[in-house]
Amino acid sequence: MATIVETAPPPGIDPALVIDFDYYNDPRYLEAGGIFEAMGELSAQAPDMFWSTALGGYWVIQGYDAIIEAAKRSDLF
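Definitions and cut-offs
- Residues numbered from 1 in each chain as written.
- Predicted model: local features only at pLDDT ≥ 70, side-chain atom pairs only at ≥ 80, totals over all residues.
- Heavy atoms only, no water.
- Helix = DSSP H or I, 4+ residues; strand = E, 2+ residues; numbered from the N terminus.
- Buried < 20%, exposed > 50% of the residue type's maximum accessible area, 1.4 Å probe, protein only.
- Contact = heavy atoms within 4.5 Å.
- Areas by Shrake-Rupley, 256 points an atom, 1.4 Å probe, with all protein chains shown as cover.
- pLDDT = per-residue confidence, 0-100.

**Regarding the overall build of the chain**
And then number 1: Looking only at helices and strands, one finds 3 helices and 2 strands in the chain.
And then number 2: Going residue by residue from the N terminus, the α and β elements of the chain occur as α-α-β-β-α.
And then number 3: Dimensions of the chain along its principal axes, counting C-alpha atoms only, are 35 × 25 × 25 Å.
And then number 4: Looking at the chain as a whole, 27% of its 77 residues qualify as buried.
And then number 5: Intrachain contacts of the chain at a sequence separation of at least 6 include 51% that bridge at least 24 residues.
And then number 6: Total accessible area on the chain stands at roughly 5,500 Å², and carbon and sulfur atoms take up 60% of it.

This is how it looks when you write it as structure tokens:
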């Protein structure tokens, strides 16, 4: 079994862009009634790009325009 490690965001990250989200086993999945429902709620409530402290920390990019922009920015991603 993997150990879940929470990591602080990188220095200088706006606290509004920090959301705890575990894509493997997020509590929202049960609360919303399933993964698709939870991801829909997260998409509506969270910014298009945010930092999750779960699983060692990682960026989440959601929404068509944000994903396209990230794909064009090889200097950042």
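**Things to note about the confidence of the model for the chain**
And then number 1: Overall, the prediction assigns the chain a mean pLDDT of 87, with 92% of residues at 70 or greater.
And then number 2: Of all the helices and strands in the chain, helix H1 (residues 27–32) carries the lowest mean pLDDT, 90, while helix H3 (residues 64–72) carries the highest, 93.

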